[in-house]
Amino acid sequence: MTEAILLVGGKGTRLRPLTVHTPKPMVRAAGVPFLTHQLARAKAAGVEHIVLATSYLAEVFEPYFGDGSSLGLHLEYVTEEEPLGTGGAIRNAASRLRSGPDEPVLVFNGDILTGLDIQALVRTHEETGADVSLHLTKVTDPRSYGLVPTDDTGRVLAFLEKPQTPEEIVTDQINAGAYVFRRSVIDTIPQGRPVSVERETFPELLAAGAHLQGMVDSTYWLDLGTPAAFVRGSADLVLGRAPSPAVPGRCGDRLILPTAVVAPDAKLTGGTVVGEGAFVAEGARVFGSTILPGAVIEPGAVITDSLIGTRARIGTRSVLTGTVIGDGAVVGADNELREGVRIWCDAHIPAGAVRFSSDQPS
């Protein structure tokens with residue numbers, strides 16, 4: 001198999017303000033745009049030609065990746081004028097494919113970090129003669145996902161979207177967002193209108209008697225749709241828990257990019273990344289967090305499981321836990337920000353303005 005479609009058109013609304021200026025696949029994870037990890041893994045699996053299905057901030061992708069030659073790939077770009085959904089995006093990108101009708105085409109989502117054995121999924125597809133093969137993974141709580149029960153040969157029996165009652169939860173197998181299509185099946189997806197591959201294409205194929213095959217691969221899998229998940233995914237890449245050939249350095253407790261400056265007594269642990277041109281001052285402690293390029297962490301700040309945007313500044317002694325700070329924002333000294341707080345791009349929080357504890361010793 002030599003080609004793939006990569007769906008990178010989503011708006012990333014759950015990740016705002018990270019995605020105000022940057023499409024989700026271009027937000028940095030472990031020092032490089034997340035998309036770089038996906039492209040590198042596809043290349044390692046033998047994929048040579050990838051069509052990127054873009055929509056939101058589509059103009060950002062090609063200037064960065066070009067024709068893909070620096071990654072050993074041939075990249076093409078197809079832009080949706082109006083969002084077409086997952087199925088519509090696949091159909092819209094199909095004009096750039098070169099595969100014959102019976103050849104396999106890999107399709108994967110631009111917001112899933114996974115250790116999937118891509119070659120094993122392709123082998124399963126070819127050995128079973130399936131029309132579409134799906135990567136399935138097992139999760140503890142499947143209520144937020146689409147369930148995919150299979151028979152004892154792995155053949156898909158149904159698609160159950162986001163079940164809520166115990167009776168509806170008939171399996172712990174979910175659609176993990178990577179597929180191998182027989183090329184001719186892609187050509188049956190309606191053109192020029194929004195189509196959900198999960199809610200429309202797959203159920204209709206099943207109803208028509210098509211062969212849909214599931215392959216359970218429960219290696220590392222993470223949907224990077226929320227800020228907390230994105231921060232964790234980046235840390236897991238740095239720590240080596242999530243596999244990627246594109247991490248720009250050795251796996252370990254921290255990753256400091258070239259031109260970043262970190263004070264000798266600053267403590268960076270838990271898969272922390274410090275981007276190019278960023279500065280971490282003396283006495284700062286950063287655990288499991290992403291410091292994007294040009295950001296400044298002032299003396300004594302304590303940052304845990306957070307993402308600090310490009311050129312943002314965190315003031316002296318401020319304590320951040322589970323927060324997202326937008327590009328160019330300033331958090332003054334002596335603030336305390338806790339789980340779920342999002343500071344918008346270019347916002348300014350005065351010194352001592354937000355606290356969960358007294359500013360005076362008891």
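Residues numbered from 1 in each chain as written. Predicted model: local features only at pLDDT ≥ 70, side-chain atom pairs only at ≥ 80, totals over all residues. Heavy atoms only, no water.

Per an unreviewed UniProt entry, the protein chain goes by the name NDP-sugar synthase and belongs to Streptomyces thermoalcalitolerans. UniProt, in its Sequence similarities (unreviewed entry) section for the protein chain, records the words "Belongs to the transferase hexapeptide repeat family." (UniProt positions renumbered as here; feature names shortened; annotations may be inferred.)

(A) Broad picture of the pattern of salt bridges. The final tally for this structure, using the stated rule, is 14 salt bridges. When the shortest N-O distance is used, the salt bridge between Glu-76 and Arg-98 registers 3.7 Å. Here Glu-76, found in strand S5 (residues 74-79), pairs with Arg-98, found in the loop between helix H3 (85-93) and strand S6 (104-109); they are 22 residues apart in sequence, far enough to count as distant. Residue Arg-98 is classed as exposed on the basis of its relative accessible area of 55%. Across the pair Arg-183 and Asp-187 runs a salt bridge whose closest N-O atoms are separated by 3.1 Å. One network of salt bridges, in which partners are shared, links Glu-76, Arg-96 and Arg-98. (Salt bridge = Lys/Arg side-chain N within 4 Å of Asp/Glu carboxyl O. Helix = DSSP H or I, 4+ residues; strand = E, 2+ residues; numbered from the N terminus. Buried < 20%, exposed > 50% of the residue type's maximum accessible area, 1.4 Å probe, protein only.)

(B) Structural context of the nonpolar core. In terms of nonpolar packing, the biggest core is built from 29 residues, with Ile-5, Ile-90, Val-132, Leu-134, Phe-181, Phe-202 and Leu-212 touching the most fellow members. Elements represented by at least two residues in this core include exactly strand S1 (3-7), strand S4 (49-54), H3, S6, strand S8 (132-138), strand S11 (173-182), helix H5 (183-186) and helix H6 (197-207). Counting residues in each nonpolar core, the second largest holds 26 residues, with Leu-75, Phe-108, Leu-121 and Ala-178 among its members. (Core = buried A, V, L, I, M, F, W, Y, C linked by side-chain atoms within 4.5 Å.)

(C) Region of interest: the UniProt feature "domain: Mannose-1-phosphate guanyltransferase C-terminal" (unreviewed entry) in the protein chain. Within this structure's numbering, the places UniProt gives as "domain: Mannose-1-phosphate guanyltransferase C-terminal" (unreviewed entry) are residues 252-333. Along residues 252-333 the backbone is 0% helical and 41% strand, and the end-to-end C-alpha distance reaches 30 Å.

(D) Quick peek at the environment of Ala-263. By secondary structure assignment, the location of Ala-263 is in the loop between strand S15 (261-262) and strand S16 (267-269). In this structure Ala-263 comes out as buried when scored by relative accessible area, which is 11%. Taking the C-alpha atoms as reference points, Ala-263 and Gln-173, 90 residues apart in sequence, are found 46 Å from one another. When neighbours within four sequence positions are excluded, Ala-263 is seen to be in contact with Val-280, Ala-281 and Glu-282. (Contact = heavy atoms within 4.5 Å.)

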